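Chain residues, written in single-letter form:
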Amino acid sequence: MTRKTAMVVCPGRGVYNAPELGYLARLHSDKRGLIETFDAERNAQGQDNLTNLDGAPRYSVSKYTRGDNASALIYACSYADFLDISQDKFEIVAVTGNSMGWYTALACAGALSDTDGFKVVNTMGAIMQEALIGGQLIYPFVDETWREIDGERDRLLAMTEKIENLYVSIRLGGMLVLAGDDAALAEAERRLPPTGRFPMRLGNHAAFHTELQTPTAERGRAALPVSLFHPPKTPLIDGRGHVWLPKATPLQDLWDYTLEHQVTETYDFTKAVTAGLHEFAPEAVILLGPGATLGGATAQTMIADGWRGLTSKADFTALQNKAPYILSMGLPDQRDLVT
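Starting afresh in each chain, residues are numbered from 1 along the sequence in its written order. Owing to the predicted nature of the model, reporting of local features is limited to residues with pLDDT of at least 70; listing and counting of side-chain atom pairs is limited to 80 or more, with chain, interface and lining totals taken over all residues. Excluding hydrogens and water, the side-chain values take into account all heavy atoms of the structure.

**Q** Help me get a handle on the overall build of the protein, residues and values and all.
**A** Helix and strand counts for the protein stand at 15 helices and 11 strands. Overall size of the protein, expressed as C-alpha extent along the three principal axes, is 50 × 50 × 45 Å. Burial status follows relative accessibility: with a 1.4 Å probe on protein chains alone, a residue under 20% of its type maximum counts as buried, one over 50% as exposed, and anything between as partly exposed. A buried classification covers 57% of the 339 residues belonging to the protein. Pairs at least 24 residues apart make up 75% of the contacts formed inside the protein by residues separated by at least 6 positions. Roughly 13900 Å² of accessible area belongs to the protein as shown, and the carbon and sulfur atoms make up 50% of that amount. Only four residue types enter the tally: Lys and Arg on the positive side, Asp and Glu on the negative side, with His and both chain ends excluded. Each charge is placed at NZ for Lys, CZ for Arg, CG for Asp and CD for Glu. Taking the average location of the 31 positive side-chain charges in the protein and that of its 41 negative ones, the two points are 3 Å from each other. Elements are defined by DSSP. Helices are runs of H or I of four residues or more, strands are runs of E of two residues or more, and each kind is numbered from the N terminus. The contact definition used throughout considers only heavy atoms, calling two residues in contact when any of these lie within 4.5 Å. Areas reported here follow the Shrake-Rupley algorithm with a probe of radius 1.4 Å; residue values treat only the protein chains shown as occluding.

Take a look at the structure:
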């Protein structure tokens, strides 16, 4: 069997929702040893363990969107999905992620062990939840065809310059994730024309990837030593579009990026995906679960770049129907093509 080259994308927060309850039990019962190791870390910190969270009879928004719960659950689901990718079908040529997914990407690429990756994500999730500095909202700058609305992105960026303590948190395909304190977000919501469900405030999300998170970055660096990190075994693309290579990664620099720049500066998922497409020309893009919410942002990035001649949502849909290029492991039919 000829293997396809693939870029793996790890999701961030907000992807373990009610439909995903039981994801570990349903899909990863063969990984009990790994989950028990993660549970032991949670138990030692006095936190609800993953087995209990994933196996609960019902989903609670207030409980499952907390950073200290959501981050750990998502990491475990995503990393377990990564282990299920068929090595007979795919050669993984690059790994990237969105926001919190950077920590998962570090583990998938071999820059952190599976347990140290969990330690990093669990520690940072707990620190952010404890402080819960500011919040986030999402707003699109593309229309229903996923084409950019003339001038809309520039208008949004200009607005962040005019509102004190409002920042661009994540560049996410055809959307911007804005972050700031409560007053800044309220002012942004006042200025943004309602369109569908947007502007959409994200519950239990702090002002990630902004200078407001400087105290969080300081606590993270104090808790997580550089000795946890290793050179990646697979090329690793960060939230600037920078590629960390297996034989050319200074560990101090990787630690600095992960626990300083990545925490306090804009995370450019769009640039990360674009860099992966251009540098590695993968024959497929595999989105780890849980959920499948990154599919739209990844496709919008491809459209903006003109990848494979794509110019609209209709073009992308036609490509997917003919021979799926983006494979979301959170979708059962596409998962079967990956595992």
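**Q** Account for the side chain of N98, with residues named and values stated.
**A** Residue placement: N98 occurs in the loop between strand 2 (90-97) and helix 6 (101-108). Among the residues examined, N98 registers a relative accessible area of 7% and is labelled buried. Not counting residues up to four positions away in its chain, the partners in contact with N98 are C10, P11, G12, I170, L172, Y267, F269 and L294.

**Q** Could you give an account of the pattern of salt bridges, naming the residues involved and the relevant values?
**A** By definition, a salt bridge exists where a carboxyl oxygen of Asp or Glu is found within 4 Å of a side-chain nitrogen of Lys or Arg. Here the structure, examined in full by the defined rule, presents 15 salt bridges. A salt bridge links R335 to D84, with the shortest nitrogen-to-oxygen separation between them at 3.3 Å. Here the residue R335 occupies a position in helix 15 (residues 332-338), and D84 occupies one in helix 5 (residues 67-84), the gap between them amounting to 251 residues. Owing to a relative accessible area of 8%, R335 belongs among the buried residues under this scheme. The salt bridge involving R201 is made with E189; its shortest N-O contact spans 2.9 Å. Of the two residues, R201 is situated in strand 6 (residues 200-202) and E189 in helix 9 (residues 182-191); the sequence distance between them amounts to 12 residues.

**Q** Report on the packing of helix 7 (residues 114-131) against helix 10 (residues 214-223), specifying residues and quantitative values.
**A** Each pair of packed helices can be summarised by the angle the axes make with each other and by the distance between the axes. Helix axes use the C-alpha atoms of the stretch in contact, all axes being lines fitted to C-alpha atoms, and the angles between their N-to-C directions lie in the range 0 to 180 degrees. Here helix 7 crosses helix 10 at 145°, and the two axes come no closer than 10 Å. As for how helix 7 packs across helix 10, the hand of that crossing is right-handed. Listed contacts from helix 10 to T123, M124, I127, M128 and E130 of helix 7 are T216, R219, G220 and A223. It is the rotation of the near helix from the far one that decides the hand of a crossing: anticlockwise by less than a right angle makes it left-handed, clockwise makes it right-handed.

On their own, these measurements won't tell you what the molecule is for.
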